Amino acid sequence: MPGPATKSARILVFSTEKISDPAIDMAGLLKLHYPPTVYTIAVPCSAGIKPRWILHAYEKGFDGVFIAADGTDCSYGDSCTDRTGRLVYQTHELMKQKNIEPARLRMAAICSICSESFVKQIKSFNEYLLRNSIN
Amino acid sequence: MSDEIRAASYDALVIGGGIAGGEAALDLANNGYKVLLVEKDLSIGGKMILLSKVFPTLDCAACITTPKVSEISRHPGITVFTGAEVTSIEKKGEREFETAVTKRPRYVVEEDCTACQLCEEVCPVVVHDEYQYRLVGRKAAFIPFSIASPRVAAIDIENCTLCGACEKACPPKCIDFTQETEKYIIKTGTVIVATGFKLFDPLKIPRYGYGVYKNVLTSMEMERQLAPTRPFNTILRPGDGKMPDRIAYVLCTGSRDDTIGNPVCSQICCMYSLKQAQLLMGALPMADVTIYYINIRSFGKGFEEFYEQAKGMGISFVKGKVGKITETETGNLILRYEDINENRVMEEEHDMVVLAVGVLPNTDPLSFFRNGELKADQFSFVDQAEVLSSPARTSVKGVFVAGTASGPMDIPDSILSAGAASSEAISYLKQ
Amino acid sequence: MNRKIGVYICHCGGNISDYVDVEKVKQAVVNDDGVFLAKTTMFACGDANQKEMVEDIRNNGLDGVIVASCSPKLHLLTFRAVSERAGLNKYNYVHANIREQVSWAHSDNKAGATDKAIQIVKSAIAKVRLAEPLMPFRFPAVKAVAIAGGGISGMRAALGLSDMGCPVYLIEKSPFFGGRTSQWDVLYTSGQTGGQMVSELYGELLKRENVKLLTGAEIISGSGNIGDFKLKVRVTPRYVPENCNGDKLNESIAACPVELPDEFNFNLTKRKAIYRNHPGQFPQTAVIDMTSCTRCGECEKICPEIDLSQEEEIIDINAGSVLVATGFDPYTPADGEFGYGLSDRVITLPEFKRLIELNDSGLVHKGRRVRKIAYIYCVGSRQPEGDNKYCSRYCCTSVIHSAIQAKKKFGDITGYHFTRGIRTYGKQELLYAESLKGGEIYLQSYEDDPPVVEVNENSLKVRINDILTGIREVSVEPDLVVLVTGMVPRADNSVGALFKLPKGRDSFFNEIHMKLRPVETVIDGIIICGACQGPKNITESVNSALSAAVKSFSLVNRGELEMEPIVATIDEETCEWCGACYEACPFDAIRKTVKGTREIAEINNSVCKGCGICLPVCPVDAIELTAYSNREIESMIDALAGSYPIMTTK
């Protein structure tokens with residue numbers, strides 16, 4: 001039904017092929033809605049995301065980047081959570097240098113069935129980004 | 001008919017190209033065995049390929065069946081005969097089975113047909129379409145359904161007038177009325193029976209008015225109305241083409257009912273009715289759907305959650321057995337039922353009634369062996385000789401059963417039983 | 001390079017096209033750089049479309065293909081196979097998910113969904129433009145399967161694998177094989193006892209030369225991959241050799257001063273620290289439970305063969321696939337749940353089953369004769385409030401069967417069944433009919449109004465608002481309350497934790513897809529079966545066990561497997577060997593090497609798992625991951641950022 005046009009934030013999600021991407025799939029299966037300006041790129045492991053990719057997304061106009069991390073379920077080892085946290089920290093530092101608000105990068109562990117949590121997180125991130133009207 | 005009998009041999013014969021037989025054939029072929037898959041119908045895929053979506057995930061049935069069917073049809077280890085029937089099996093010794101197979105002519109050269117449908121267009125004969133459960137018509141020259149495998153035309157010779165229009169229209173000239181029935185003797189080391197089930201015929205319960213009242217239909221007819229390859233692209237009352245808005249489901253039609261000789265619970269009707277009800281709520285947002293039930297049996301993985309989801313969507317559930325259905329002048333239907341919660345007999349008007357018909361045995365395999373070596377259980381399903389420790393074994397060593405040939409089962413259980421049958425068949429071949 | 005790309009956009013029979021304007025998507029990409037053709041199709045996965053794709057690829061010499069359809073978890077492999085059949089390298093195929101992550105997720109917003117689908121297809125085009133043909137790595141697969149769990153599923157899978165010609169290690173953590181089935185008396189429908197069934201299977205397994213049986217064996221570590229799993233198994237000694245048997249063994253057991261509740265009988269009876277198998281458990285030898293033994297030496301005095309100095313052993317097992325069959329736990333009711341824990345006359349169904357077997361002439365519980373039993377259904381299953389939303393599927397039939405058995409054995413027993421709707425599906429319906437004929441009384445509660453168990457000093461009372469007799473409160477004062485408890489995932493999740501097996505919404509281990517890949521997990525080579533995957537009865541467990549067996553067999557049968565050629569690569573010019581990647585790699589796949597005069601990092605391709613963990617730690621950005629290179633990811637981001645108006649309507 002047509003209604004007043006509302007803007008939603010452009011969010012790039014880095015998901016992981018075996019853990020968080022299935023959860024995002026299941027959100028669709030369960031018809032849990034979230035803004036359609038949320039796009040996903042799946043990688044093998046969240047600890048393998050390069051800060052330069054994240055910075056590239058801001059340069060190209062994304063309002064936010066969300067890392068749907070493996071958490072403790074990661075099949076590549078226990079260090080995943082720590083390492084994902086470290087690369088987020090590292091990226092936050094780089095963002096400060098470039099005068100990009102660090103809050104535009106968020107991370108949360110999304111297990112393979114955490115569909116509801118994913119949608120909740122993304123909606124709240126979207127609201128945050130809109131409220132702070134970054135662009 | 002030609003008297004020539006062709007001979008061929010394979011490691012395994014799989015009888016029935018539904019989801020169970022197909023799965024068993026793939027398991028065997030993927031382990032290096034040569035398989036002949038014999039299917040009675042013109043397409044493999046069984047009943048599942050005709051379904052709308054499947055519970056409890058609401059994946060579309062075609063999305064799961066078509067790639068499997070496609071994998072089967074192009075697997076170098078699997079030969080598929082469609083339009084073919086087993087007439088007899090003889091066990092000559094361990095790992096020595098001889099099966100007589102009759103392959104009906106299709107009157108179309110399979111390899112040359114491009115499924116262009118020009119023959120369909122020009123054919124002047126219209127008959128009921130059995131693949132759409134008679135909801136619409138089809139021609140005598142026809143492709144069974146859009147996702148059939150093989151997707152190749154066939155001539156329905158019973159109804160064909162031999163006018164020759166299709167022959168003239170066919171661009172690759174692949175229509176061949178000289179084709180004859182082919183007879184084969186197939187030698188194999190093992191046999192898997194995956195002949196599936198039959199649906200209960202509701203004409204046997206005249207008080208429900210099926211076949212008399214136009215707006216009483218079976219669940220399979222509703223399944224076709226909901227399927228992606230559906231005939232109408234929406235849900236319609238067969239009586240007058242109106243969109244229904246008060247739809248009733250009558251569960252246990254032909255199941256758990258001694259009066260029609262079937263005391264068994266069909267195991268799938270509750271779930272497919274819950275699924276159809278959910279799909280109807282999606283297709284007709286204003287419609288009311290009521291399910292009349294004795295017990296809701298949502299027992300499998302994710303099933304109870306699916307039932308909860310249905311309740312959450314506003315589907316009504318009435319605990320009670322429907323005694324009788326009568327028709328009003330407008331084609332609406334009055335259901336007389338015993339409401340168990342209220343403890344009294346009530347009546348309710350609906351404009352469409354779906355009978356959730358149950359699973360009956362397909363008794364074809366019981367006559368495969370001349371002396372009845374393949375035994376049936378008390379309900380005429382193929383008997384499982386060691387139901388707990390080796391559910392795929394039958395009364396004949398080396399003959400295994402997969403899927404609903406041995407009793408009611410849902411799709412996941414049919415697939416697992418097919419895995420068991422293929423595992424046992426490989427073990428038997430290796431003995 | 002000029003690419004010739006084919007794009008196929010799937011309707012999915014309405015699943016996509018009801019929400020995404022697929023024609024618009026096609027129009028939006030058909031003129032993109034490198035796109036040679038773009039088509040929509042009713043079912044991309046259907047045979048007809050697959051054939052058409054093969055012809056398109058061959059006839060036009062396409063060098064890149066995209067299907068925009070469902071999740072890649074369903075059909076990535078299907079379309080890679082299509083590419084291969086057409087002679088196109090399968091890594092020149094890219095999958096775009098416009099169903100789970102577009103049409104279904106945004107079914108509330110068709111315009112937004114269509115825009116998103118366009119961007120996703122464009123990013124797939126960006127990726128396929130850069131895709132390189134790759135050759136999969138081939139590696140040998142060890143032709144052996146390790147099975148974790150020696151219950152009915154594990155034993156039957158072992159037998160199946162053995163008979164298909166595959167060597168098997170059957171690893172059971174407890175001292176005995178047989179699992180839960182050995183605890184059950186007469187089984188429905190065969191009429192044999194659980195013990196007899198286990199005994200037959202065990203007898204068959206003993207005859208198989210290619211089966212290695214391990215009890216008291218715990219998998220303590222697991223490494224490696226599909227085709228080559230390396231397990232370390234700690235085997236606890238039994239301390240009691242086989243020649244300590246008969247009367248001598250009985251006396252040794254009698255002499256043991258340590259007494260413990262016997263978990264086999266759900267603590268209804270006691271056992272010693274040295275104890276024998278129950279009849280349904282195998283091997284039929286005794287064992288000392290060292291966690292409770294005080295090493296007092298009393299048993300040794302009678303049976304000098306007993307050797308308390310035996311030490312545990314660590315065994316290395318190498319297997320191509322691991323089959324997990326670790327089973328379930330019966331649900332333990334919470335304190336006070338339907339009176340559980342408040343009275344010792346409130347017991348669970350498994351306890352009741354043991355009680356029937358342990359009694360002979362009459363049913364006696366805690367010294368009292370039991371004549372009237374209240375069975376309360378769905379305890380721990382179908383919880384409106386708790387976490388267990390699922391139905392445990394076996395319990396209705398199981399309790400009805402047990403009630404019939406109790407009646408047969410002890411005669412004067414009446415059962416009152418407080419149900420939530422009987423679920424004796426399939427042929428099991430006949431058992432329910434038999435029970436009704438036998439005079440059992442069935443009541444049914446309303447969904448939001450469960451029965452209440454009152455525990456008084458000397459009596460029990462169960463009250464229910466019964467549907468079947470018409471909104472009437474019915475109460476019964478039984479001698480015994482049996483809580484019909486369902487199945488829950490095993491509390492001991494050691495095997496699941498070791499392999500990081502994913503769990504479903506019901507907390508049981510989860511398969512990839514219930515219908516497409518029902519026994520496989522997302523961890524390649526790890527197969528699941530039996531009740532560790534969800535509640536199942538014996539027939540269903542065996543069917544899944546044999547399905548799992550044939551799946552494991554097909555993985556290791558040929559002795560060779562393919563692995564995705566996705567590995568890290570080092571830019572030798574840029575690398576200055578700092579060791580950061582070496583430190584980060586969880587698999588020890590990176591080492592230092594000398595190139596000319598410079599020290600640089602080198603990747604061992606056969607060990608690298610392609611996780612990419614080394615990528616972000618490199619200070620000079622000298623590491624790339626195949627198929628996830630900077631160019632590929634960044635060009636995908638460019639495409640997703642796009643120039644389309646990002647306006648949505650609500």
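One can find the structure itself at the top, above this paragraph.
These figures come from a predicted structure and were not determined experimentally.

A.B. asks: Please provide a residue-by-residue account of the interface of chain C and chain B, values included.
C.D. replies: The partner chain B presents 61 residues to the 63 residues of chain C that form the contact. Those elements giving two or more residues to the side of chain C that touches chain B turn out to be helix 2 (47-60), helix 3 (72-85), helix 6 (152-163), helix 7 (194-207), helix 12 (429-437) and helix 14 (538-556) of chain C. The dominant element in the side of chain C that touches chain B, judged by the number of residues it contributes, is helix 14 of chain C, at 12 residues. The residue makeup of the side of chain C that touches chain B, split by class, is 28 nonpolar, 22 polar and 13 charged.

A.B. asks: Tell me about the packing of helix 1 (residues 19-30) of chain B against helix 2 (residues 61-74) of chain B, and name the residues and values.
C.D. replies: Residues and elements named next belong to chain B. Closest axis-to-axis distance for the helix 1/helix 2 pair is 10 Å, and the angle between their directions is 45°. Taken together, helix 1 and helix 2 sit at an angle that is classed as oblique. The two elements helix 1 and helix 2 meet at a crossing, and its hand is left-handed. Contacts between helix 1 and helix 2 involve I19, G22, A25 and L26 from the first element and T65, K68, V69, E71 and I72 from the second.

A.B. asks: Outline the sheet that holds strand 3 (residues 38-43) of chain A, listing residues and values.
C.D. replies: Residues and elements named next belong to chain A. Taking strand neighbours across the sheet as the criterion, the 4 strands line up as 3-2-4-5 in an open arrangement whose pairing is parallel. A strand with exactly one partner marks an edge of an open sheet, and here the two such strands are strand 3 and strand 5 (105-109). Neighbouring strand axes in the sheet, compared pairwise and without regard to direction, differ in orientation by 20° on average. For strand 4 (residues 64-69) and strand 5, the ladder comprises 5 bridges, and the chain directions are parallel. Note that in strand 5 the partner of I67 across the bridge is M107. Docked against the sheet, helix 3 (residues 80-97) engages strand 4 and strand 5, running at close to 170° with respect to strand 5.

A.B. asks: How would you summarise unusual backbone geometry if you had to cite specific residues and measurements?
C.D. replies: As a rule of thumb, non-glycine residues mostly have phi less than zero, and peptide bonds are mostly trans rather than cis. For the bond running from F55 of chain B to P56 of chain B, omega is -5°, close enough to zero to count as cis. Along the chain, P56 of chain B turns up in the loop between strand 4 (53-54) and strand 5 (59-60). Following Y188 of chain C, the chain continues to T189 of chain C via a peptide bond in cis, the omega torsion being 15°. Looking at where T189 of chain C falls in the secondary structure, it is placed in the loop between strand 7 (168-171) and helix 7. Non-glycine residue N267 of chain C carries a positive phi angle of around 65°. You will see that A627 of chain C, though not glycine, has its phi angle at about 70°, which is positive. Along the chain, A627 of chain C falls in the loop between strand 34 (623-625) and helix 16 (630-641).

About the cut-offs
Residues numbered from 1 in each chain as written. Chains lettered and ligands numbered in written order. Predicted model: local features only at pLDDT ≥ 70, side-chain atom pairs only at ≥ 80, totals over all residues. Contact = placed C-beta atoms within 7 Å. Helix = DSSP H or I, 4+ residues; strand = E, 2+ residues; numbered from the N terminus. Nonpolar A, V, L, I, M, F, W, Y, C, P; charged D, E, K, R; others polar. Axes fitted to C-alpha atoms, helices over the stretch in contact; angles between N-to-C directions. Parallel < 35°, antiparallel > 145°, perpendicular 65-115°, else oblique. Left-handed = near helix turned anticlockwise from the far one by under 90°. Pairing = 2+ DSSP bridges.

These values are about where atoms sit, not about what they do.
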